[in-house]
Amino acid sequence: MDLISELPEALLLNILSLLPAQDVASTMFLSKRWRFLWTSVPRLEYDDSYQGTEYRKFSRFVDRFLFLHESPVIETLHFKLGKTCGGEDIRVWIRAADKCCVRELIFEIDASSNDSPPIVLPSSLYTRCIMLVTLKLNKVILEDTSSSIAFPSLKTLSLVSVEYPGDEFVSSLLSSCHVLEDLHVEQCSSDNVTIFNVRVPSLKSLVLHALADDDDDDDEYGFVIDTPSLEWLDIVDYREGFCIIENGMPKIMTASFDVNYSHSGEIMRTITSVKRLDLCLSTSSKNAYPSGSVFCCLAHLKICTCQTEWLELLMCMLRYSPKLQSLRLKQYHEIEACNPRPCWTEPNSVPDCLVSSLEALEWVGYEGTEEEKEVVAFILRSAKCLERVTIYSSSKDPCKKLELVKELSFLPRCSSSCNFLFD
């Protein structure tokens, strides 16, 4: 008995949505029940490399499939394309996306081959697809347009390794997204953008990643952000550039900075309402740390220990985070051999958070250096509310681990109820 065919149609359509479109179409031959079911699948994925299909056959298949599709709305239309894809094909598929009222459109290009010209997405993408709620682009070039960009319903936008006509196009693109809530950007060195402007009043989540390029004058590149409704921020930028945050972020809840800015302290002064904060600040500038800014809501803090100055950053954050509850220290990046050891100087006074709020300390990659021992000893001796300490050694040597355990076990602790774990 064909038990699968007895399932409700809605469930069958959900199952078919998990398959490549080529497999979805082949189900029409299973039985009379399945003959036209494929024409109503709400989520479609087309991969031109699937089973080694010749591109010309793949193109004709996509055209026929979309022409015969009967669902009034396509929830997701996902294209995985090689660099042999033709621009005219993409124009046809974008018109079809508009006709089928696509909610989520994804263009993902395989750029492994450098022999073929890059794929340019036509301007009709951002002038016709007004029903889009989600747009994700990966390794494509966006065509310039003199027409008005219109994304009245777009809430999620992902731009990974995208090339743009220039700075003004980016500003125009984002300013046209009046209800945008989530923006994910990963810049490439050839994206033709010097200053990436993000001015979106409705934005709630923002990811900005940019890697350093040895051929560029990095201090010319940067971000300008004006997002008063932002709740979640993640910036990774290894260029020696800049980031300007205008008008503050009064609603920010979670932030992460892995940057090489000399002025990161100025940025952090705009996010003092944050509750969760991850930091890796690779600079020795005196303006790198948020001296004088009180993080009155900060409860959870993570600090990367890969930089020489991380102890200075740690003490600065402890000093200005009176309600801190958990602290996590971890080396997220390789330490350069030429970097000097961090210098520890015990403060004259104990930060308020150690006296009244810090409950958990986790240290990943603990090496047992003199500076690290002094830091742990200071925290254990000062933290009155500490309930849990977890330390993961970076050493693989059992004897070395045992030696570290003995050293730590004899350190005096202010909190008698503290649970100490060492791995």
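Above: the structure in question.
The present account deals with the structure reproduced in this document. (Residues numbered from 1 in each chain as written. Predicted model: local features only at pLDDT ≥ 70, side-chain atom pairs only at ≥ 80, totals over all residues. Heavy atoms only, no water.)

1. What about the overall build of the chain?
Turning to step 1, where the next piece is worked out: Each helix and strand in the chain was counted, giving 11 helices and 20 strands.
Turning to step 2, where the next piece is worked out: Along the three orthogonal principal directions, the C-alpha set of the chain runs to about 75 × 60 × 40 Å.
Turning to step 3, where the next piece is worked out: Counting all 423 residues of the chain, 49% fall into the buried class.
Turning to step 4, where the next piece is worked out: Taking contacts inside the chain between residues at least 6 apart in sequence as the whole, the part at least 24 apart equals 61%.
Turning to step 5, where the next piece is worked out: In the chain, the 41 positive side-chain charges and the 62 negative ones have mean positions that sit 7 Å from each other. (Helix = DSSP H or I, 4+ residues; strand = E, 2+ residues; numbered from the N terminus. Buried < 20%, exposed > 50% of the residue type's maximum accessible area, 1.4 Å probe, protein only. Contact = heavy atoms within 4.5 Å. Lys, Arg positive; Asp, Glu negative; His and termini not counted. Charge placed at Lys NZ, Arg CZ, Asp CG, Glu CD.)

2. Comments concerning helix α4 (residues 87-99)
Turning to step 1, where the next piece is worked out: For α4, built from 13 residues, the straight-helix expectation of 18 Å at 1.5 Å per residue is met to within 8% by its first-to-last C-alpha distance of 19 Å.
Turning to step 2, where the next piece is worked out: Those residues of α4 that sit buried are Asp 89, Ile 90, Trp 93, Ile 94, Ala 96 and Ala 97. Buried residues in α4, looked at end-on, bunch into an arc of 160°, giving them a common side.
Turning to step 3, where the next piece is worked out: The elements touched by buried residues of α4 are α3 (55-68), β2 (76-82), β3 (104-110), β4 (120-121) and α5 (125-128).
Turning to step 4, where the next piece is worked out: Immediately beyond the C-terminal end of α4, within one or two residues, lies Cys 101, with a positive phi of roughly 55°. (Expected span 1.5 Å × (residues − 1). Arc of directions from axis to C-beta.)

3. Overview of the pattern of salt bridges
Turning to step 1, where the next piece is worked out: Enumeration according to the criterion identifies 10 salt bridges in this entry.
Turning to step 2, where the next piece is worked out: Glu 143 is the partner of Arg 91 in a salt bridge, and the nearest nitrogen-oxygen pair spans 3.5 Å. Here Arg 91, found in helix α4, pairs with Glu 143, found in the loop between β6 (141-142) and β7 (156-160); they are 52 residues apart in sequence, far enough to count as distant.
Turning to step 3, where the next piece is worked out: You can call Arg 91 partly exposed: its relative accessible area is 29%. (Salt bridge = Lys/Arg side-chain N within 4 Å of Asp/Glu carboxyl O.)

4. A few points about the pairing of strand β16 (residues 300-304)
Turning to step 1, where the next piece is worked out: Across four bridges, strand β15 (residues 276-281) lies against β16 in parallel orientation. Following the sheet pairing, Leu 277 is matched in β16 by Leu 301.
Turning to step 2, where the next piece is worked out: Pairing geometry for β16 and strand β17 (residues 326-330), over five bridges, is parallel. Each residue of the ladder has a partner; that of Ile 303, found in β17, is Leu 329.
Turning to step 3, where the next piece is worked out: The parallel pair β16 and β17 is bridged by helix α8 (residues 310-319), and the resulting crossover is right-handed. (Pairing = 2+ DSSP bridges. Right-handed = clockwise from strand over helix to strand, strands pointing away.)

5. Some words on the environment of Ala 25
Turning to step 1, where the next piece is worked out: The residue Ala 25 is located in helix α2 (residues 21-26) in this model.
Turning to step 2, where the next piece is worked out: The buried category is assigned to Ala 25, whose relative accessible area is 9%.
Turning to step 3, where the next piece is worked out: Separated by 13 residues in the primary sequence, Ala 25 and Trp 38 place their C-alpha atoms 5.9 Å from one another.
Turning to step 4, where the next piece is worked out: Apart from the residues within four sequence positions on either side, Ala 25 is in contact with Trp 38, Phe 61 and Phe 65.

6. Points about the nonpolar core
Turning to step 1, where the next piece is worked out: Tyr 46, Phe 257 and Leu 277 are the most contacted members of the largest nonpolar core, which has 120 residues in total.
Turning to step 2, where the next piece is worked out: Considering every element that reaches this core, the biggest residue donor is α8, with eight residues.
Turning to step 3, where the next piece is worked out: If we ignore the near neighbours within four places in the chain, the residues touching Phe 257 are Leu 233, Ile 235, Ile 267, Met 268, Ile 271, Leu 277, Asp 278, Leu 279, Cys 280 and Leu 281. (Core = buried A, V, L, I, M, F, W, Y, C linked by side-chain atoms within 4.5 Å.)

7. Here's the deal with the sheet that holds strand β11 (residues 222-226)
Turning to step 1, where the next piece is worked out: Across the sheet, three strands lie side by side as β9-β11-β13; this open sheet has parallel pairing. Edge positions in the sheet fall to β9 (195-199) and β13 (242-245), since each of these pairs with one other strand and no more. Across this sheet, the average inter-strand angle for adjacent strands is 10°, counted without regard to direction.
Turning to step 2, where the next piece is worked out: Bridging between β9 and β11 involves five bridges; their strand directions are parallel. Paired with Asn 197 across the strands is Val 224, a residue of β11. (Axes fitted to C-alpha atoms, helices over the stretch in contact; angles between N-to-C directions.)

8. Considerations on unusual backbone geometry
Turning to step 1, where the next piece is worked out: Not every positive phi belongs to a glycine, and Cys 101 is a case in point at roughly 55°.
Turning to step 2, where the next piece is worked out: Turning to its location among the elements, Cys 101 is positioned in the loop between α4 and β3.
Turning to step 3, where the next piece is worked out: Exposure remark for Cys 101: the relative accessible area of 23% places this residue in the partly exposed category.
Turning to step 4, where the next piece is worked out: A positive phi angle, close to 65°, is found at Asn 192, a residue other than glycine.
Turning to step 5, where the next piece is worked out: Mapped onto the secondary structure, Asn 192 falls in the loop between β8 (182-186) and β9.

9. Observations concerning the packing of aromatic side chains
Turning to step 1, where the next piece is worked out: Applying the stated rule across the entire model yields 15 aromatic pairs.
Turning to step 2, where the next piece is worked out: Judged by centre distance (5.6 Å) and plane angle (70°), the ring pair of Phe 61 and Phe 65 falls under edge-to-face. With a gap of four residues between them, Phe 61 and Phe 65 both fall in helix α3, about one helical turn apart. For the pair Phe 61 and Phe 65, a shared accessibility class is recorded, and that class is buried.
Turning to step 3, where the next piece is worked out: Taken together, a centroid distance of 5.1 Å and an interplanar angle of 15° make the contact between Phe 79 and Phe 107 stacked. (Phe/Tyr/Trp six-rings, centres within 6.5 Å; stacked < 30°, edge-to-face > 60°.)

So far we have only geometry, and geometry alone does not tell us how the molecule works.
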